[in-house]
Each structure stands twice: as C-alpha cells, then as structure tokens.
Amino acid sequence: MLPIAALVWASRSDGTQAFWGSVTSPQAVAALKLTVGAAFIVAVLNAVLGTITAWVLVRDDFRGKSVINSIIDLPFALPTIVAGLTLLALYGPKSPIGIDIAFTRTAILAALMFVTLPFVVRTVQPVLTEIDKEMEEAAKSLGASELTTFRRVIFPNILPGILSGFALAFAKAVGEIGSLVIISGNLPYKTEVSSVFILGQIESGNPAGAAAVAVVLLVISFAILLGVGAIRHFTTRHDRA
Amino acid sequence: MSIHVRNVSKSFGDFSALEGVSVDVAGGSLTALLGPSGSGKSTLLRIIAGLETPDLGEIIIAGEDATGVRVQDRNVGFVFQHYAAFKHMTVRDNIAFGLKVRKRPKAEIREKVDELLKLVQLEAFGHRYPAQLSGGQRQRMALARALAPNPEVLLLDEPFGALDARVRAELRDWLRRLHEEVHVTTIFVTHDQAEAMDVASQIVVMNHGRVEQIGDPTQLYDEPASEFVMQFVGEANRLGDRWVRPHELDLSPDPAPGALEAQIERVTRYGFDARIELVTADGSELLVQVTRDRLEELELVAGQIVGVVALNERTFAGR
C-alpha cells in the first residue's frame, strides 16, 4: 500500500490541474489507449492459445512433450529485454525468415503474446489435470458428443482457471516494458506504450507527469482484476456449499 | 434387454484384466459382478457400457452386436463410485442433462425431472448444487440422472463403495425396490459378498480376470465351484484338502477316539446362533456356527478341548 500511496502523492505534487493536464495530454492518451488495447487483445488471444496449449500438454502424448513443457516457462526465466532483442533479430529488418515487423504495432502484439503466454498455460494446466475424468465419461454415457461434453462439462469447470490466466496476462501486458522498448521503436502516437511514455517523462524531468499516467494505469489494472475476480466468483458459486 | 458377453479379453499393457470372459444376463434381471480388487469386474462393466473396448470378443445387447457401438449410442445408464456429479450444475440440471442432450421438449424434461426427483426422494433439493448434498444424496442424484433417458441397461460401478455402513444398507434396499419398480436390466459391481447376496438375483464371481462361477446366492453358498468361491462367498474352514462351511461342523465335548480335536479359543453369541473359534493341534483355525440351543446343550467354554465332526464336506480339483 505504501508505494501506491507514494505514487498517488507524487502524481498530485503539482496540483490537480497539472495531474489532469498530464493524463489528458494527447500523447499520454494515445499511449494509454495503445497499452490497454494491446493488453486486452493479447490477453484474449492468449486465453485461447494458452488453453489449447495446456489441453495438448495435459491430454495428448507425444515425443518431446516434457521438453515443450519446460520451454513454456522460458518467458518467465528470460529477462524481457533479451526477449525484445531476440524478437528484433527474428522479426527485425535483418530477419532471417523475411518477416520485418519492427517498430510496428504488430511487433508490440507479438512481444506481448510471447511474454504472457505462460501465465495462461500455467493457470489452466493444473485445473485441467484435476478435472474428474468420470464426469466426462458420465456425460458421454448420457449421450453427449465430444464437443457437447467439452462445451457443457469441461469448459465450465476450467473457465475460472482461464479467467485467472487472462487477468494475469492482462496485468503483465499493461506493465511490460523490457521486451517492447527495443522492438516497438517508441514512436509517439503510433507505437509508444505507457510504460515507455512514463520512462520518457522521467528522463525529461517530469516525475509528476510520469506518476500521473502511472496512477491511471494502476486504476485500469485494478478495475480489470476486480472485474475478472467478480466473474470468477460467479463461475465458482457452486463450490461454496 | 438381455446382455451377452462372449469371450471377452482385455489387457492394459502387460496386465491382463480379462481373459475369455463370457456372461449371460437375462432381460430385467439384477446381476452382481463380485470379486476382489483387480479381478476385472469393473473392466467388464466398463466394456459393457462402451467406456472401454475389448481386445477380443463381443458384447451383444438386446440381440444386437454392440461391440463397436459408441457409449453415446448404447443407451446405457452408468453410475460411478464417486458419483461423477456435474458440480457446476444444480441437481435438476444434472438429472436433465441426458434429456437436454437429446433435445427433448422443455415441458417433457421438466415433467420427467420432477418424476425422478420424487423417485429418488430429492424433491426439496432440486436447486442445490452437488457440493451441498451428502454422499447418499449425491449417489441418488446420479442414479436419477442415469435413469432419465430411459436406458435399456443400468450399470453401477461400486455404487455404494464410498458411503458409510448405514447409508450403504439403506441405498442397497432402495436399489432393490427401485429395480422391482423400474425393471431395467441392472448390473452392479461390488467386492462385498454380503451386498451381492443381499441385492442380486444372479451373481458372477470373478477372480484374476476370469469367471469363477455364475449362480444365485444359494447355489454359490451351497455348491461353490472352486476353492476361491468357497472362500470368497461366505465363510469356510479348511480341513486338509477338504472344505466345510461353519454351520456344517458339529462339536462333541468328549471326542471319540481318532476324531479331530481342537481347543476352543472364543465363544461369541449373536441373536439366534453362536460362533465358536477353535484351534486344532496343528495350529490351524476353525470357525463353527451352531444354534444357541445347541451351544447351551453342549455347555462349551473357552479353553475346553472338543471333538470336531464334519456333517458335510467338499473337495475341489486342484488347478
């Protein structure tokens, strides 16, 4: 709580008017929009991709499964600036595979996808492992097809896990800086995300402006986490006997 | 609907779960698959349901080959030991599941669910979630759910295994009464011989993936086909290579010369009969069951040496 209080205090040090001025400056608004928009898209995409990955890891058997399983955690272990460099080498102007997306919004999405995927995989995987196999067999014995069994029985039971993974991926994406600072190019109004904008404000001697945008990011993240928490609470109501 | 299992074999890796099993179940009957754990009884039930595929052999349900038919299309109701409740659905939605999947009209579903809730005495619990029910209630819900689509066959895998003794006995009676009402061909798996004897009209005794004997409770007790059945169904005494049921032994306070002698360890009285535990000179244990009157007539006490006379005995060909 103390660092948050300090941040709020710092953001107000130049007065309320300066606070609104910093927050509503066109460049700050563009950066905030890009950050929240990209984080949302990435969290949604990874909720789907991460769930599929977790499904394959839990339900399928194939050679090299344990290797893949370990590689999932790579973005956790890798310093994100290294991830940024790697992505630049792969998808930059000197791309060995001929894809140059450096300094575009696509690059931002790619980098965020990479660093947030394990959050979903690692929250869905244990839920999927825990799921009662007999519940699926019961559904099939009652005439449900594979698809119906997934939709009506499996999905409702893993949804809380997916939502947790979504919230974590979103929060991580909103705050991400290391992997973006190189590959995004930080073009104001185009590819400058809030974290980089905040860094820029501090470097140009405007700590109160930096704190003001930081507070807005904080509020948005809190709101998303609370919202997801509420949905989670609703989807697990049957467990609270 | 009759069920015929023909020469079914099934292996899991190196473990042979079933070896050439054949069983006939008459339509409308109540049959128990009885055996110790690892005997293959659950595997056989799951193969009949279509939850496992046999390596060899076939399953014939109502005169038609069902071996290759998917579980979804077999029209069987299956009840699991640990209920397999859909925990994110209310009791009503659990029971309605099979009907909703079949896209029955809403009014029909409501009517059928009401009827089943009444049958399993859960009328007041329709809007609860499974987590809010006791074990016995959950299993009754699971039964109602299995019965909802009017299955041709009802299969129960150790249905009372996870419940405490009192609820077990209650549900056992209830299943028997239900079967009298509904008359669906029913097969249940159990490792408890008393449960099998109490509920089933036909018992299939299994051991090591094979059928040891098929018969009604009296046949199994009076005419066991093997040493295994002799020991597993009811209590048994071994005298050398001969086998005797506890009630087929009599005791005499002054043994005749040459008769088998044993020392009384303990005498326990139940309602009508008494059980006497003895040890013979070579250290083997015997259990004798006599009526209370006979016990008083003999005036037996612990520590006494008595003669043991077998009134009936059997031998089994070595295997």
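Residues numbered from 1 in each chain as written. Chains lettered and ligands numbered in written order. Predicted model: local features only at pLDDT ≥ 70, side-chain atom pairs only at ≥ 80, totals over all residues. Heavy atoms only, no water.

Asks: Outline the overall build of chain A, listing residues and values.
Replies: From N to C terminus, chain A includes 12 helices and zero strands. C-alpha extents for chain A along the principal axes are approximately 65 × 50 × 25 Å. A buried classification covers 42% of the 241 residues belonging to chain A. When the accessible area of chain A is evaluated, it comes to approximately 12000 Å², of which 70% is carbon and sulfur surface. Here chain A contributes 17 positively and 15 negatively charged side chains, and the mean placements of these two sets differ by 5 Å. (Helix = DSSP H or I, 4+ residues; strand = E, 2+ residues; numbered from the N terminus. Buried < 20%, exposed > 50% of the residue type's maximum accessible area, 1.4 Å probe, protein only. Areas by Shrake-Rupley, 256 points an atom, 1.4 Å probe, with all protein chains shown as cover. Lys, Arg positive; Asp, Glu negative; His and termini not counted. Charge placed at Lys NZ, Arg CZ, Asp CG, Glu CD.)

Asks: How would you summarise the overall build of chain B if you had to cite specific residues and measurements?
Replies: Each helix and strand counted, chain B has nine helices and 17 strands in total. For the C-alpha atoms alone, the extent of chain B along its principal axes is close to 80 × 45 × 30 Å. Within chain B, buried positions represent 51% of all 319 residues. Contacts in chain B between residues far apart in sequence, at least 24 positions, make up 63% of those at least 6 positions apart. Counting only carbon and sulfur atoms, one obtains 47% of the accessible surface of chain B, whose full area is about 14700 Å². (Contact = heavy atoms within 4.5 Å.)

Asks: Please set out the pairing of strand β17 (residues 305-310) of chain B residue by residue, giving values where relevant.
Replies: A regular strand carries its side chains on alternate faces of the sheet. All names here are of chain B. Pairing of strand β13 (residues 249-252) with β17 involves four bridges; the strand directions are antiparallel. Looking at the pairing, Leu249 lines up with Ala310 of β17. Summarising the sheet, strand β14 (residues 260-269) and β17 pair through four bridges and their orientation is antiparallel. Each bridged residue has a counterpart across the sheet, and for Ala262 the counterpart in β17 is Val306. (Pairing = 2+ DSSP bridges.)

Asks: Break down the sheet that holds strand β2 (residues 15-25) of chain B for me, with residues and values.
Replies: All names here are of chain B. Spatially, four strands are ordered β2-β1-β4-β5 in an open sheet, and the strand pairing comes out antiparallel. Looking at the sheet topology across the chains shown, the edges are occupied by β2 and β5 (64-65). Bridge count for strand β1 (residues 3-12) against strand β4 (residues 56-61) is five bridges, and the pairing is antiparallel. In the sheet register, Val5 faces β4, and the bridge partner there is Ile59. Helix α1 (residues 41-49) contacts β1, β2 and β4 of the sheet and is inclined by roughly 120° relative to β1. (Axes fitted to C-alpha atoms, helices over the stretch in contact; angles between N-to-C directions.)

Asks: Go over the sheet that holds strand β15 (residues 273-280) of chain B with me, naming the residues and quoting the values.
Replies: Residues and elements named next belong to chain B. Taken together, the five strands give an open sheet; going across it, the order is β13-β17-β14-β15-β16, and neighbouring strands pair in antiparallel fashion. Here the strands that pair on one side only, and so sit at the sheet edges, are β13 and β16 (285-291). Across this sheet, the average inter-strand angle for adjacent strands is 45°, counted without regard to direction. In terms of strand pairing, β14 meets β15 through seven bridges, oriented antiparallel. Residue pairing in the sheet places Ile264 in a bridge with Leu278 of β15.

Asks: Describe in detail the confidence of the model for chain A, supporting the description with residues and values.
Replies: Mean pLDDT for chain A: 89, with 100% of residues reaching 70 or above. Across chain A, element-level confidence peaks in helix α8 (residues 133-141) of chain A with a mean pLDDT of 95 and bottoms out in helix α1 (residues 2-11) of chain A with 80. (pLDDT = per-residue confidence, 0-100.)

Asks: How would you sum up the interface of chain A and chain B? Please name residues and give values.
Replies: The partner chain B presents 25 residues to the 23 residues of chain A that form the contact. Summed over both partners, the interface of chain A with chain B comes to about 2200 Å²; 61% of that surface belongs to carbon and sulfur atoms. On the chain A side of the contact with chain B, Leu142, Arg152 and His238 of chain A bury the most area, a combined 32% of that side's loss. At the surface where chain A touches chain B, the tally comes to one salt bridge. Across the pair Glu137 of chain A and Arg46 of chain B runs a salt bridge whose closest N-O atoms are separated by 2.6 Å. Connecting chain A to chain B are seven residue pairs in polar contact (both at pLDDT 80 or more). Elements supplying a minimum of two residues to the side of chain A that touches chain B: α8 and α9 (146-175) of chain A. No other element matches α8 of chain A, which puts seven residues into the side of chain A that touches chain B. Counted by class, the side of chain A that touches chain B contains eight nonpolar, six polar and nine charged residues. (Buried area = accessible area lost by both parts, 1.4 Å probe. Salt bridge = Lys/Arg side-chain N within 4 Å of Asp/Glu carboxyl O. Polar contact = N/O pair within 3.5 Å; in protein donor to acceptor, adjacent residues only side chain to side chain. Nonpolar A, V, L, I, M, F, W, Y, C, P; charged D, E, K, R; others polar.)

Asks: Residue-level account of the environment of Leu171 of chain B, with values.
Replies: Residues and elements named next belong to chain B. Within the secondary structure, Leu171 is located in helix α5 (residues 165-182). Each C-alpha atom, one on Leu171 and one on Arg140, is 8.3 Å from the other, the two residues being 31 residues apart in sequence. Setting aside its immediate chain neighbours within four residues, Leu171 contacts Gly136, Gln139, Arg140, Phe160 and Leu163.

Asks: Please give an account of the pattern of salt bridges that cites residues and values.
Replies: All names here are of chain B. Enumeration according to the criterion identifies 28 salt bridges over all chains in this entry. Here Glu19 and Arg210 are joined by a salt bridge, their closest N and O atoms 2.8 Å apart. With Glu19 in strand β2 and Arg210 in strand β10 (residues 210-215), this pair connects stretches of sequence that are 191 residues apart. Judged by relative accessible area, Glu19 falls into the partly exposed class, the value being 32%. By sharing partners, the salt bridges in this structure join Arg168, Arg172, Asp173, Arg176, Asp192, Glu195 and Asp198 into a single network.

Asks: Now, about the nonpolar core: what can you tell me, with residues and values included?
Replies: All names here are of chain B. Membership of the largest hydrophobic core comes to 90 residues, with the highest contact counts inside it found for Val5, Leu44, Phe86, Phe97 and Leu155. If sequence neighbours within four positions are ignored, Leu44 has contacts with Val5, Leu18, Val21, Val23, Leu33 and Met206. In terms of nonpolar packing, the next biggest core, distinct from the first, is built from 45 residues, Ala96, Phe125, Ala144 and Phe160 among them. (Core = buried A, V, L, I, M, F, W, Y, C linked by side-chain atoms within 4.5 Å.)

Asks: Before we move on, can you summarise the packing of α9 of chain A against helix α12 (residues 207-235) of chain A with the specific residues and values?
Replies: Residues and elements named next belong to chain A. Between α9 and α12, whose axes approach to 9 Å, the crossing angle comes to 175°. The angle between α9 and α12 falls in the class roughly antiparallel. Each of Leu159, Pro160, Gly161, Leu163, Ser164, Phe166, Ala167, Phe170 and Val174 in α9 lies in contact with α12, whose residues at this interface are Leu217, Ser221, Ile224, Leu225, Val228, Ile231, Arg232 and Thr235. The residue makeup of the contact of α9 with α12, split by class, is 12 nonpolar, four polar and one charged. (Parallel < 35°, antiparallel > 145°, perpendicular 65-115°, else oblique.)

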